[in-house]
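# Working through the structure, step by step
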Amino acid sequence: MIQAKDGRTLKFHIFRYNPQLEGDEPKMVTYEVKEAPGMTVFIALNEIREQQDRSLQYDFVCRAGICGSCGMIINGKPDLACRTLTSKFKNGEITLLPLPGFDLIGDLSVNTGTFNRAMSERVGTWIHDEQAAEKSLDELEERMDPDLADEIYELDRCIECGCCIAACATKRMRDDFLGAMGFMKVARFHMDSRDKRSDAAWYEIIGNDEGVFGCMTLLGCEDNCPKDLPHQTKIAFLRRKMVGVKV
Amino acid sequence: MNVIYTDSLVIGGGLAGLRTAIATKQRGLDTIVLSLIPAKRSHSAAAQGGMQGSLAATIKAEGDNEDVHFADTVKGSDWGCDQDVARMFAQTAPKAVRELSTWGVPWTRVRKGPRSVVINAERVTINEKDEAHGLISARDFGGTKKWRTCYTSDGTGHTMLYAADNKAIECGIPVHERKEAIALIHDGSKCYGAIVRDLITGELVAYVARATTIATGGYGRIYSVSTNAVISEGIGAALPLETGVASLVNMEAVQFHPTAIVPVGILTTEGCRGDGGLLKDVDGYRFMPDYEPEKKELASRDVVSRRMTEHMRKGKGVPSPYGDHLWLDITLLGKEHIEKNLREVKEICEYFLGIDPVKDYIPVRPTQHYSMGGIRTFATGESRQLKGLFAAGEVSCWDMHGFNRLGGNSVAETIVAGMIVGEYVADYCESESVEIPMSVVREFLRREDAKITAIIDRTNGEDVYELKYAMQKIMMDKVGIFRNGEDLEKAVQELEALVARSRSVAIQNKIRSSNPELVEAIRVPMMIKLAACVACGAHARTESRGAHAREDHPERNDRDWLKRTLAIWKNEADDLPTLGYEDLDVMKMEMPPGSRGYGKAEIIPHPDTERRVKQIEEIQSSMPDVDRHELQKAIMPYELPEKYTGKNERIGVGFE
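These notes cover the structure that comes with them. A quick note: this is a predicted structure, and the numbers were derived from the prediction, not measured. (Residues numbered from 1 in each chain as written. Chains lettered and ligands numbered in written order. Predicted model: local features only at pLDDT ≥ 70, side-chain atom pairs only at ≥ 80, totals over all residues. Heavy atoms only, no water.)

Turning our attention to a nonpolar patch on the surface. A surface patch of nonpolar side chains, about 340 Å² in accessible area, is lined by Met173(A), Met216(A) and Leu218(A). Examined against the element boundaries, Leu218(A) turns out to sit in the loop between helix 7 (199–206) and helix 8 (220–224). (Patch = residues over 30% accessible without salt bridge, like charges linked within 9 Å, V, L, I, M, F, W, Y side chains within 5 Å. Areas by Shrake-Rupley, 256 points an atom, 1.4 Å probe, with all protein chains shown as cover. Salt bridge = Lys/Arg side-chain N within 4 Å of Asp/Glu carboxyl O. Helix = DSSP H or I, 4+ residues; strand = E, 2+ residues; numbered from the N terminus.)

Accessible area lost when the parts come together is the quantity often used to give the size of an interface. In this assembly, 87 residues from chain B lie in contact with 71 residues from chain A. Interface of chain B and chain A: buried area, both sides summed, is about 6400 Å²; carbon and sulfur atoms make up 52% of it. The three residues of chain B that bury the most area against chain A are Arg41(B), Tyr351(B) and Phe352(B), which together make up 11% of that side's buried surface. There are 15 salt bridges connecting chain B and chain A. Between Glu347(B) and Arg157(A) there is a salt bridge whose closest N-O contact spans 3.0 Å. Taken together, chain B and chain A are joined by 44 residue pairs in polar contact (both at pLDDT 80 or more). (Contact = heavy atoms within 4.5 Å. Buried area = accessible area lost by both parts, 1.4 Å probe. Polar contact = N/O pair within 3.5 Å; in protein donor to acceptor, adjacent residues only side chain to side chain.)

Moving on, we come to the packing of aromatic side chains. Enumeration according to the criterion identifies nine aromatic pairs over all chains in this entry. Residues Phe390(B) and Tyr428(B) carry aromatic rings whose centres are separated by 5.8 Å and whose planes lie at 70° to one another, so their mutual orientation is edge-to-face. Taken as a pair, Phe390(B) in strand 17 (residues 389–391) and Tyr428(B) in helix 11 (residues 410–431) lie far apart in primary sequence, 38 residues in all. Tyr428(B) shares its class with Phe390(B); the two are buried. Grouped by ring-pair contacts, the aromatic residues Phe42(A), Tyr58(A) and Phe60(A) constitute a single cluster. Lying over the aromatic face of Phe237(A), Lys234(A) brings its terminal NZ or CZ to 5.3 Å of the ring centre. (Phe/Tyr/Trp six-rings, centres within 6.5 Å; stacked < 30°, edge-to-face > 60°. Buried < 20%, exposed > 50% of the residue type's maximum accessible area, 1.4 Å probe, protein only. Lys NZ or Arg CZ within 6 Å of the ring centre and 35° of its normal.)

With that settled, consider the side chain of Asp72(B). Residue position: Asp72(B) is located in helix 2 (residues 66–76). Among residues more than four places away in sequence, those in contact with Asp72(B) are Gly143(B), Thr144(B), Lys145(B), Lys146(B), Arg148(B) and Leu406(B).

Before going further, it helps to examine the sheet that holds strand 13 (residues 278–280) of chain B. Residues and elements named next belong to chain B. The antiparallel open sheet is built from four strands, whose spatial order is 12-15-14-13. Edge strands, defined here as strands with exactly one partner in the open sheet, are strand 12 (254–261) and strand 13. Each adjacent strand pair in this sheet contributes to an overall mean axis angle of 45°, direction not counted. Pairing geometry for strand 12 and strand 15 (residues 362–371), over six bridges, is antiparallel. Note that in strand 15 the partner of Val254 across the bridge is Ser371. Lying on the sheet, helix 10 (residues 343–353) is in contact with strand 12 and strand 15; it crosses strand 15 at an angle near 110°. (Pairing = 2+ DSSP bridges. Axes fitted to C-alpha atoms, helices over the stretch in contact; angles between N-to-C directions.)

The next point concerns the environment of Val395(B). Residue and element names in this part refer to chain B. If you trace the backbone, Val395 turns up in the loop between strand 17 and strand 18 (396–397). For Val395, a relative accessible area of 1% translates into the label buried. Those residues in contact with Val395 that sit more than four places away from it in its chain are Ile214, Ala215, Thr216, Gly217, Gly236, Ala237, Gly373, Gly374 and Ile375.

Relative to the assigned elements, Ser153(B) resides in the loop between strand 6 (149–150) and helix 4 (156–170). A distance of 2.7 Å separates a polar atom in the side chain of Ser153(B) from the backbone oxygen of Lys340(B). For Ser153(B), the contacting residues outside a window of four places in its chain are Tyr153(A), Gln48(B), Gly49(B), Thr108(B), Arg139(B), Lys340(B), Asn341(B), Leu342(B) and Arg343(B).

Omega for the peptide link from Val262(B) to Pro263(B) comes to 5°, which places this bond in the cis form. Mapped onto the secondary structure, Pro263(B) falls in the loop between strand 12 and helix 6 (271–274). Although it is not a glycine, Leu219(A) adopts a positive phi angle of roughly 60°. Here Leu219(A) shows up in the loop between helix 7 and helix 8. Phi is positive for Ala56(B), close to 55°, though the residue is something other than glycine. Structurally, Ala56(B) is set in the loop between strand 3 (51–52) and helix 2.

What follows is the structure, given as structure tokens:
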């Protein structure tokens, strides 16, 4: 079981700014919280909001590390706040910033939804198969190699938290860069035998500098993905594939 | 006046909402989904273990079909469900699994040949047939006769939700995110949409629609500890209650899942036990076979949760600073299996407990998990009181779960209900010419705006967090797994007082735009009313059925209680709901009440049961030459949208 040093006082340095409030200016505010055993950043933020400042904004949904709502910069690195234990930080100082690369809603809350929907529309994150609608739901489903199904699931585990986008230097320089989240979707649907898109069709989507050729290979995505998805391998794979496409 | 018009308004962007929206959009109707959050973050994503559908591809599912699924569901419900709806569901579920496959869910597939599995704590080899290779596999779950739970590792809900949301994006369905419906627009007989608050700007908008579907999930957060997402506060269920007209039903039917981790209450899937995991006590002893010799760890959830609680009460729990717990042991499944099929469980154990389930036992305890009760609907999904109002998924009481839901049947219900209810919503939109009384819309906008102004302007009043915690504690302490008259009576009185206090909530952060405290101030009074419905229903129901277990009334009393509890909130000034009842008709049941085959069976029979059993036997003997489909139709005919009535194909038996 998790044991934390009981009674330690944590210092949270939190980015505060509400763009909805006229005249509000961005600032860092420090809050002190008494650490409890097994405390996560989720628990601490709730305590701060309820006991110290009712206006503090942040996003949590599942609080179990699976919904991707709570990505934020925790002591310099993008991560999921719900499953980050405060005991991880030896000196008890925790700095929280909103994820860069997304529109700020307020404080630690950013608008990943609009970004992710645009990414989905750009990549076409659905099975492209003109015959799919005609398949009878009464009949046996189309068979799939069991290994392929498992491999697709490995890539389908992306929770669109945005940590890879926040960690991406290319994205910071080039606003229209697709980013690792989009590449992972491409890799996932490219691998899926049910998706009938050709390599040439994929080239239309990612065969340029805003796509897979723009990546500077700094691999902040690989280093910071909370789901440990194979970004490095897949970006390399897509590049190789796209280089081979005759246009 | 801010107004947005559409044909089909869907409140909630989880699986049930998205699937309903896809159905109406595909019928050519203008459709809008409202969601508190980006749709892919919905709580549907947390369903780990899988979705039941009788595809019968794996060898351990041989002989499975709609009939077996139906029977398991009815038994699981402790005969509280609507058997027509359970039939509609069992018939459509295989189609739902197959449809999701065409939409991209990477279902785990059957691999031909021998494979090693753990059954009843022993490693055995099963041989999958050659002709099953590559078809959708299934795992074992509680309360089921066959391996029927289709899955993708333990991220099933995630893959389903992503496939459904991607399909919705392909269809061009707009999802209006960070919007909260705070009131229904209605005239007492018809619903015209909802008043919606923008959670960023604070602006109120009237979404006016021909049909409004609520698909907002459960109300687990009325309890202190719940496996539910923090947004599962039940506001979607509260909206009809606030109309004073529409009824909620069986609100006392609350499920506690046997294996949530201690102390934070995050779920570890039933797949852990389905795949062979065991429950152990303070001595490392496997205790479930002593209580449930037949189903052991895989009895239905209500039964396992009660047995665990009983065992802890005997002093066999593991003491911890957060109270007693038991152990879930999946070490016997081996590293390879855990890392492939239970990887989310492994991550949760690593991050929240600092343990490795390959080597260590997981500390677990029964925890609030699912709301069987909800908005009362017809089998079409439409409210029985307000025309044009529909509900689908956990928020509804459609009612296929009765007093206990089987694992794997909820995520299945979301999609299946979306498919079926979506068709009926579209039918309604096409048939009804809706005259929108704009004066009603205007009045609701004004009223909601005034309520918010009052909350902001109030200088002295109740603290919203204090009220919320008081409610959650009452529910936790007095309306839990085991219930008794004395505690329930206290719970009702205390909640009654909270309802009164919640009318004068005041907040510290006095801004109208994005303001988490204001969100709570709008929600908490509605949540307390829901809690009161649960407590009142539980107090009045003097029997034990499914998840509702009364220590002072341990028997299932079919004679007096084979009925659903209805709750309405008649007047705004009332401090408690008004209860009513609706009988279940034994003479229409395909499966008359009987024993579940697990749990304690003390049953006071219904006077019609014997008569109906005889009647069914006569029907059976009068039709010796018909197939199972014909026989079923003769015993209990039911309606279903035409497109889902086709027979389901399975290997070995074809369309039989």
